[in-house]
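Structural overview
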Amino acid sequence: MLQPSLNLAIIQNIVGMFPLLFILAMFILHLALPDKTFSKEERRYLAQWPVFHIEKVLNGSYETKVELYFSDQFPFRNFWVHIQKGSNQILFKG
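None of the values given here were measured: they were computed from a predicted structure.

1. Some words on helix H3 (residues 61–72)
The terminal C-alpha atoms of H3, which comprises twelve residues, lie 17 Å apart, in line with the 16 Å expected from a rise of 1.5 Å per residue. For H3, the complete set of buried residues consists of Tyr-62, Val-66, Tyr-69 and Asp-72. Summarising the axial view, the buried residues of H3 lie within an arc of 130 degrees, below the 170-degree limit, and thus occupy one face.

This is how it looks when you write it as C-alpha cells:
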C-alpha cells in the first residue's frame, strides 16, 4: 500500500527540482557560451562586462551596467525575446 504514495512522492520531488535544474543549466550555459557583441535582430550593440572602478560602485552605475550585461548576455536571448513578443501579441491582441 505504501508503494503508490512513494512513487507519487518521488515524482513530486523530481518535478519540484525542474526549476532548480533549469536555473543551474542556464548558469552553466552563461559561463560556457561566449559573449555576443551585436544583435542583428535588434540592430544594436549588446552590453559587455563593465570595467570595475570603486567610484562607479559607490555611485551605483556599476550595478546598473552589470544588470544590463546580464540581460543582454542571457543564454538563448533571441529565443526568449521571440517568446515574449509572441505572448504579447496573443495577450494584447485588440
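There is more to say after this.
2. Here's the deal with the side chain of Ser-39
Looking at where Ser-39 falls in the secondary structure, it is placed in strand S1 (residues 38–39). You can call Ser-39 buried: its relative accessible area is 4%. For Ser-39, the side chain forms a polar contact with the main-chain nitrogen of Glu-42, separated by 3.2 Å. Among residues more than four places away in sequence, those in contact with Ser-39 are Arg-44, Leu-46 and Asn-78.

3. A few points about unusual backbone geometry
As a rule of thumb, non-glycine residues mostly have phi less than zero, and peptide bonds are mostly trans rather than cis. Although it is not a glycine, Arg-43 sits at a positive phi angle of roughly 55 degrees. Here Arg-43 lies in the loop between S1 and strand S2 (44–45). A positive phi angle, close to 55 degrees, is found at Phe-76, a residue other than glycine. As for its position among the elements, Phe-76 is in the loop between H3 and helix H4 (77–91).

4. Here we look at the environment of Asp-72
Along the chain, the position of Asp-72 falls in helix H3. Residues Asp-72 and Leu-46, spaced 26 residues apart in sequence, show a C-alpha to C-alpha distance of 5.7 Å. In this structure Asp-72 touches Arg-44, Leu-46, Ala-47 and Arg-77, once residues within four positions along its chain are discounted. A polar contact is formed between the side chain of Asp-72 and the side chain of Arg-44, at a distance of 2.7 Å.

5. Re the packing of aromatic side chains
According to the stated counting rule, one finds seven aromatic pairs in the structure shown. Their ring planes at 70 degrees and their centres at 5.0 Å tell us that Phe-38 and Tyr-45 sit as a pair that is edge-to-face. Classification of Phe-38 by relative accessible area gives partly exposed; the value is 39%. Judged by centre distance (5.1 Å) and plane angle (85 degrees), the ring pair of Trp-49 and Tyr-69 falls under edge-to-face. Residue Trp-49 is found in the loop between S2 and helix H2 (54–59), and its partner Tyr-69 is found in helix H3; the two are separated by 20 residues along the sequence. For Trp-49, a relative accessible area of 44% corresponds to the partly exposed category. Classification of Tyr-69 as buried rests on a relative accessible area of 7%. Of the aromatic side chains, those joined through ring pairs into one cluster are Phe-22, Phe-79 and Trp-80.

Thresholds, definitions, all that
- Residues numbered from 1 in each chain as written.
- Predicted model: local features only at pLDDT ≥ 70, side-chain atom pairs only at ≥ 80, totals over all residues.
- Heavy atoms only, no water.
- Helix = DSSP H or I, 4+ residues; strand = E, 2+ residues; numbered from the N terminus.
- Expected span 1.5 Å × (residues − 1).
- Buried < 20%, exposed > 50% of the residue type's maximum accessible area, 1.4 Å probe, protein only.
- Arc of directions from axis to C-beta.
- Polar contact = N/O pair within 3.5 Å; in protein donor to acceptor, adjacent residues only side chain to side chain.
- Contact = heavy atoms within 4.5 Å.
- Phe/Tyr/Trp six-rings, centres within 6.5 Å; stacked < 30°, edge-to-face > 60°.

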